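Descriptive analysis of the structure
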Amino acid sequence: MSAEWPKFIDPYVKERATLALCVCLVDATIPARASDGQLIEFLKSAGREYLVVGTKSDRLSGNGRAKALKALREAFGAERLLLVSSKTGAGMGELWTRIELGAGSW
Ligand SMILES: Nc1nc2c(ncn2[C@@H]2O[C@H](COP(=O)(O)OP(=O)(O)O)[C@@H](O)[C@H]2O)c(=O)[nH]1
Ligand SMILES: [Mg+2]
């Protein structure tokens, strides 16, 4: 099924006029996956605003969070990064702020 996705996702990402921000959710507790990197490269090449959001940050220690941020930055060459936890709510306020700022920018 996923082989069929590019047929509608590619044109959507490239052409959708009201698409203001792409939020890429990646599991911050496991090593970066190549498929996440491919998605981010595609967003960059399409000139889309994007934000990489590392999930499940509550499973990491303070030092583990710093390491996860560094690993995500290095793996994806992404400047805009954020860690969140749906369990504790950590980072969720900042994520909503970024989404609202993105939605207000067009
Ligand atoms: N500890 C923790 N577990 C989470 C969090 N978000 C999702 N999970 C758990 O991770 C599992 C997979 O959840 P899902 O939302 O599908 O995450 P994904 O598979 O990484 O996309 C479920 O058991 C969720 O309850 C989180 O922020 N913290
Ligand atoms: Mg899942």
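Our structure is the block above this text.
It should be emphasised that the depicted structure is a prediction, and the values quoted were computed from it without experimental measurement.

Further remarks concern the site of ligand 1. In the vicinity of ligand 1, the contacting residues are Lys56, Asp58, Arg59, Ser85, Ser86 and Lys87. Take aspartate 58: an N or O atom from its side chain is 2.6 Å from a nitrogen atom of ligand 1. A distance of 3.2 Å is found between a nitrogen atom of ligand 1 and a side-chain nitrogen or oxygen belonging to arginine 59. When ligand 1 sits alone it has 560 Å² of accessible area, and the protein chains cover 41% of it. Looking at the shell around ligand 1 residue by residue, the class counts come to no nonpolar, two polar and four charged.

This paragraph deals with the nonpolar core. Of all hydrophobic cores here, the largest spans 18 residues; its most connected members are Ile40, Leu43, Tyr50, Val52, Leu72, Phe76 and Ala78. Among the secondary structure elements, those contributing two or more residues to this core are strand 1 (22–27), helix 2 (34–45), strand 2 (50–55), helix 3 (62–76) and strand 3 (81–83). If sequence neighbours within four positions are ignored, leucine 72 has contacts with Val26, Gly54, Gly77, Leu81 and Leu83. In this structure, Leu51, Val53, Val84 and Leu95 belong to the second largest nonpolar core, which totals five residues.

Turning our attention to the environment of valine 23. Here valine 23 is to be found in strand 1. Distance from valine 23 to serine 57, taken between C-alpha atoms, is 16 Å for residues 34 residues apart in sequence. Not counting residues up to four positions away in its chain, the partners in contact with valine 23 are Leu51, Val53, Leu95 and Ile99.

As a further point, take the pairing of strand 2. The buried fraction of strand 2 is high, at six of six residues. Every second residue of strand 2 is oriented toward a common face, with Tyr50, Val52 and Gly54 on one face and Leu51, Val53 and Thr55 on the other, all of them buried. In terms of strand pairing, strand 1 meets strand 2 through six bridges, oriented parallel. Paired with cysteine 24 across the bridge in strand 2 is valine 52. In this fold, the crossover linking strand 1 to strand 2 by way of helix 2 has right-handed handedness.

The strand order 1-2-3 describes an open sheet built from three strands, whose pairing is parallel. Each edge of the open sheet is held by one strand with a lone partner, namely strand 1 and strand 3. Within this sheet the neighbouring strands show an average axis-to-axis angle of 25 degrees, counted without direction. Helix 2 contacts strand 1 and strand 2 of the sheet and is inclined by roughly 165 degrees relative to strand 1. Helix 3 contacts strand 1, strand 2 and strand 3 of the sheet and is inclined by roughly 150 degrees relative to strand 3.

A word on a nonpolar patch on the surface. Taken together, Met1, Trp5, Phe8 and Ile9 make up a surface patch of nonpolar side chains, about 510 Å² in accessible area. Relative to the helices and strands, phenylalanine 8 is located in helix 1 (residues 6–15).

The rules behind each value
- Residues numbered from 1 in each chain as written.
- Chains lettered and ligands numbered in written order.
- Predicted model: local features only at pLDDT ≥ 70, side-chain atom pairs only at ≥ 80, totals over all residues.
- Heavy atoms only, no water.
- Near = heavy atom within 4 Å.
- Polar contact = N/O pair within 3.5 Å; in protein donor to acceptor, adjacent residues only side chain to side chain.
- Areas by Shrake-Rupley, 256 points an atom, 1.4 Å probe, with all protein chains shown as cover.
- Nonpolar A, V, L, I, M, F, W, Y, C, P; charged D, E, K, R; others polar.
- Core = buried A, V, L, I, M, F, W, Y, C linked by side-chain atoms within 4.5 Å.
- Buried < 20%, exposed > 50% of the residue type's maximum accessible area, 1.4 Å probe, protein only.
- Helix = DSSP H or I, 4+ residues; strand = E, 2+ residues; numbered from the N terminus.
- Contact = heavy atoms within 4.5 Å.
- Pairing = 2+ DSSP bridges.
- Right-handed = clockwise from strand over helix to strand, strands pointing away.
- Axes fitted to C-alpha atoms, helices over the stretch in contact; angles between N-to-C directions.
- Patch = residues over 30% accessible without salt bridge, like charges linked within 9 Å, V, L, I, M, F, W, Y side chains within 5 Å.
- Salt bridge = Lys/Arg side-chain N within 4 Å of Asp/Glu carboxyl O.

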